[in-house]
Amino acid sequence: MALVGLVRVSTDRQETARQHDALNGAGCVKIFEEKISGKLTVAERPGLVSALEYMREGDMLTVQEVDRLGRNLLEGLLMLTELFERGVAVKVLDGIAKGEHTERSLILDLAFALAEDRRRDIVKKTKNGLETARKNGRIGGRRPVMNEALTAQAVALRDKGYTIRQIQPHLTYKTQSGETRNPSVGAISQALSAHDTQKGE
């Protein structure tokens, strides 16, 4: 039996040295690395696919912690279940799911329950925080693309007879990374609707 390692981070800015050290220390014969974010299936994970193709019967996929299989603990556990369905054995070196696994077990079921409780708690706290902010006159969440100036521009173009799709190329905004983009048709439509509602009040 050989241990085949998988290292995963979400962005280029994150360090992988700690994961490599842990996997090398566990005796992995080969380590695959991927820098990828988002909720993905096995087929959409190039590093994971390469690791699975490299593995032979009896080998064990090895990760430092189970959340390295996903973006967080819950998604990591869901990926673990998908791997079991494919007949893949997994070794987790640290954390809540530490150990060697070939199928769902009581420990993993408890980990699932804990992860789900944690997710619900985060959602509840976020919702409560947004409600408190609204009551205090602060709007939480992402800053809207269609600000007052863009909305005014859209209104002026619409008044000239432009359709929303014709308006779109004339409106631009800068992202946090400095890229110039056009607002989506949906964002323009919502901004115009909000403007019309406000005007009619």
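You'll find the structure just up there.
Predicted model only: the values in this text are computed from it and were never measured.

Caption draft 1: The side chain of D59, seen in detail. Relative to the elements of secondary structure, D59 occurs in the loop between helix 2 (46-54) and strand 3 (60-63). One buried charged residue, D59, forms no salt bridge at all, with the nearest opposite charge on R56 at 6.3 Å. Polar side-chain contacts of D59 include one of 2.8 Å to the backbone nitrogen of R56. Aside from chain neighbours lying at most four places away, what touches D59 is M1, A2, V4 and A89.

Caption draft 2: View of the pattern of salt bridges. Inspection of the entire model under this criterion finds 5 salt bridges. With a shortest N-O distance of 2.5 Å, R45 and E34 are connected by a salt bridge. Highlighted residues: R45 in the loop between strand 2 (30-35) and helix 2 and E34 in strand 2, separated in sequence by 11 residues. An identical accessibility class is assigned to R45 and E34; each is buried.

Caption draft 3: Spatial organisation of the layout of surface pockets. Of the voids in this model, the second largest pocket is the one considered here, and its volume is about 300 Å³. M146, N147, T151, A191 and A194 are the residues nearest the centre of the second largest pocket, which is lined by 13 residues in total. At the level of elements, helix 5 (148-159) and helix 7 (185-200) are the ones that each hand at least two residues to the lining of the second largest pocket. Per-element tally for the lining of the second largest pocket: the top contributor is helix 7, with 6 residues.

Caption draft 4: Examining helix 3 (residues 73-85) more closely. Between the first and last C-alpha of helix 3 there are 19 Å, a value that for 13 residues agrees with the 18 Å anticipated at 1.5 Å per step. The buried fraction of helix 3 is high, at 10 of 13 residues. Within the span of helix 3, buried status applies to L73, L74, E75, G76, L77, M79, L80, T81, L83 and F84. G87 occupies a position one or two residues after helix 3 and carries a positive phi of about 80°.

Caption draft 5: Spatial organisation of the nonpolar core. If you look at the biggest cluster of nonpolar residues, it comprises 22 residues, and the most contacted ones within it are L61, V66, L69, L83 and V90. Elements that contribute at least two residues to this core include exactly strand 1 (3-9), helix 2, strand 3, helix 3 and strand 4 (89-92). A total of 6 residues in this core trace back to one element, the largest contributor, which is helix 3. Beyond its immediate stretch of four places on either side in the chain, L83 contacts V42, L52, L61, L69, V88 and V90. Among the nonpolar cores identified, the runner-up in size contains 10 residues, and M146, L150, A154 and A191 belong to it.

Analysis parameters
- Residues numbered from 1 in each chain as written.
- Predicted model: local features only at pLDDT ≥ 70, side-chain atom pairs only at ≥ 80, totals over all residues.
- Heavy atoms only, no water.
- Helix = DSSP H or I, 4+ residues; strand = E, 2+ residues; numbered from the N terminus.
- Buried < 20%, exposed > 50% of the residue type's maximum accessible area, 1.4 Å probe, protein only.
- Lys, Arg positive; Asp, Glu negative; His and termini not counted.
- Salt bridge = Lys/Arg side-chain N within 4 Å of Asp/Glu carboxyl O.
- Polar contact = N/O pair within 3.5 Å; in protein donor to acceptor, adjacent residues only side chain to side chain.
- Contact = heavy atoms within 4.5 Å.
- 1 Å grid on protein atoms, 1.4 Å probe; cavity = no way out; pocket = protein on both sides within 12 Å on 5 of 7 lines; lining within 4 Å.
- Points joined across faces, edges and corners; volume = space filled by probe spheres on them.
- Expected span 1.5 Å × (residues − 1).
- Core = buried A, V, L, I, M, F, W, Y, C linked by side-chain atoms within 4.5 Å.

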